[in-house]
Amino acid sequence: MAGQEIVSIEPATGAILWRNMPGNADEEVAVARAHWAAWAAQPLAYRLEALRRFANVVRARTDAFADLIARETGKPLWEARTEVDTVIGKVNISATAFAERTPQRRLDSQLGGRLTLRHKPHGVLAVLGPYNFPAHLPNGHIVPALLAGNAVVFKPSEKTPAVGAFLVDCFHEAGVPKGVLRLLIGGAAEGKALAAHPDIDGLLFTGSARTGIALNRAFADTPEKILALEMGGNNPIIVWDTPDLHSAAVLIVQSAFTSAGQRCTAARRLIVDERLHAPLLAELAKLLDRVIVGDPHADPQPFMGPVIDNEAADLLTESFLTLMSRGGRPIRHMQRPDDKRPFLTPGVIDVTDMNDRPDVELFGPILQMVRVNSFSDAIAEANNTRYGLSASLVSQNPALYDQFWANIRAGIVNWNKPTNGASSSAPFGGIGWSGNHRPSAYYAADYCAYPVVSSEADQARALIGIGLRDE
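We now turn to the structure provided with this report. Remember, predicted model here, so these are calculated numbers, not experimental data.

Considering all chains together, one arrives at 28 salt bridges under this definition. Between R71 and E10 there is a salt bridge, with its nearest N and O atoms 3.1 Å apart. Of the two residues, R71 sits in helix 3 (residues 62–73) while E10 sits in the loop between strand 1 (6–9) and strand 2 (16–20), which places them 61 residues apart along the sequence. Overall, R71 belongs to the partly exposed group, its relative accessible area being 30%. Within this structure, E274, R329, D350, D353 and R371 form a network of salt bridges that share partners.

Laid out in structure tokens, this is it:
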């Protein structure tokens, strides 16, 4: 029986943007399996040239691509343009990373032989993409996977299928064989079918911790398959011992509310010195009064657009009310100006006196504040989470940063910078519920190919010098 039609709705307007019937995981994996060996057999230079053409295709289609991202996600057009830029930049970054992380090397060997290190692709890799960066994040898996010689079956989020289809079309227009990169449209059922498919050699996932943990369990009986999980975060930003409260407020807003809070690296928790919180909140209020929430194409440009859909807005509204009912004190109520559209204003709530604060990723514009009396308490509070993706300290004291860096549990540790905005030129990943020690971005090369060590000699010359009877 055919699945239900996938329909993409513009969050800002409610208009239907794109629609199509779901695909079939069995068919897409079979096509990829049939084509991957020929792709893997091509020289690295051949694959790299195809990917460089892809970057040029995206560059030529920047305006249309950015417009589509903005319309389908609701993020401001300026932010959508930065996402397209990262898609373009990923090719050169991946080429550098591949050369550094998966090189061919000659190693020392005995008896006149040679020891050679090379890397092989896994085969067919599945990629499950998220909706918050529907081009950048799956592209961060697809480019290094293709470069290494894998075939890819990509299922975009059912909330952003149009961007996924556009991305794949750019690859195909650039000459990446259609059999090597397959697009699987679908919802949860198609995603589960792809993840559980016996003929994939690995899964590269970006999404929620709940789904990632379920995938980890499902892959427990298949250790031969690579599984790379990039999940969410309950990320802290600590403000301590700084006289520049305006800059601190700017960093807080950038960390917590860029992309309407829909970033895995977004600050969910503001941890602040008890003596500093009142003047800091005053500065934060001034800035939030000026933040524009609006349509992605509006003029003047908004700082943030809507969240992805009405369901997400409903859940976030309910979450804010739950925090209040459990003892949270609203500093700034999260508002929803139009109950028919998923626009939300930034919300800030003091949860210092709440018992059993929930350790969850509230994927939207909600910032929880916790007041503490000592810096050691601040670090303990920052580490009071099962996640471990990103953390930031705002302070002008280098000694405090040294203490923070040494004791914080996170894969991204920043100083006087936002929690988000990670560079693709560095590894990206976390610990705990934020990942399974398969960092992406620059280190994606590590999970897209596996090392093969060969002991080699031009001629077979061998003898046994001990343990044999005389002839």
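We now examine the nonpolar core. One finds F54, F65, I142, L146, F171 and L194 to be the most contacted residues of the largest nonpolar core, which totals 76 residues. Among the elements that make up this core, the one with the highest residue count is helix 6 (residues 161–173) (eight residues). With near-sequence residues (within four places) excluded, L194 lies in contact with A25, V29, A126, L128, V153, K155, L184 and I200.

Attention shifts here to helix 2 (residues 44–60). Here helix 2 contains 17 residues, and its C-alpha end-to-end distance of 25 Å stays within 8% of the 24 Å for a straight helix at 1.5 Å per residue. Lining the buried residues of helix 2 we find helix 1 (25–41), helix 3, helix 4 (77–101), helix 5 (136–148) and helix 6.

Moving on, we come to the state of the cysteines. Taken as a whole, this structure holds zero disulfides when the rule is applied. Looking at C170, it has no disulfide partner, and the nearest cysteine sulfur is the one in C448, 20 Å off. Judged by its relative accessible area of 0%, C170 is buried.

Turning our eyes to something else, we now look at the sheet that holds strand 5 (residues 124–128). The five strands are arranged 7-6-5-8-9 in an open sheet whose pairing can be described as parallel. Whereas interior strands pair on both sides, the edge strands pair on one side only; in this sheet they are strand 7 (181–183) and strand 9 (226–230). Taken over all neighbouring pairs, the strand axes of this sheet differ in orientation by 15° on average, direction set aside. Here five bridges tie strand 8 (residues 202–206) to strand 9, and the two strands are oriented parallel to one another. Counted as the bridge partner of L203 is L227 from strand 9. Across the face of the sheet, helix 5 comes into contact with strand 5, strand 6 (151–155), strand 7 and strand 8 while running at roughly 165° to strand 6. In the packing of helix 8 (residues 209–218) onto the sheet, contacts are made with strand 8 and strand 9, and the angle to strand 9 comes to roughly 165°.

Once that is clear, we can look at the packing of aromatic side chains. One pass over the full model with this rule turns up eight aromatic pairs. Arranged with centres 6.1 Å apart and planes meeting at 85°, the rings of Y131 and F363 form a pair that is edge-to-face. Remark: F363 occurs in the loop between strand 13 (347–350) and strand 14 (366–372) and Y131 occurs in the loop between strand 5 and helix 5; sequence separation between them is 232 residues. Aromatic side chains Y401 and W415 sit 4.6 Å apart centroid to centroid with 5° between the ring planes, which places their arrangement in the stacked category. Of the two residues, Y401 sits in helix 13 (residues 398–407) while W415 sits in strand 16 (residues 412–415), which places them 14 residues apart along the sequence. Classification of W415 by relative accessible area gives partly exposed; the value is 30%.

So, how was this worked out
- Residues numbered from 1 in each chain as written.
- Predicted model: local features only at pLDDT ≥ 70, side-chain atom pairs only at ≥ 80, totals over all residues.
- Heavy atoms only, no water.
- Salt bridge = Lys/Arg side-chain N within 4 Å of Asp/Glu carboxyl O.
- Helix = DSSP H or I, 4+ residues; strand = E, 2+ residues; numbered from the N terminus.
- Buried < 20%, exposed > 50% of the residue type's maximum accessible area, 1.4 Å probe, protein only.
- Core = buried A, V, L, I, M, F, W, Y, C linked by side-chain atoms within 4.5 Å.
- Contact = heavy atoms within 4.5 Å.
- Expected span 1.5 Å × (residues − 1).
- Disulfide = S-S within 2.5 Å.
- Pairing = 2+ DSSP bridges.
- Axes fitted to C-alpha atoms, helices over the stretch in contact; angles between N-to-C directions.
- Phe/Tyr/Trp six-rings, centres within 6.5 Å; stacked < 30°, edge-to-face > 60°.

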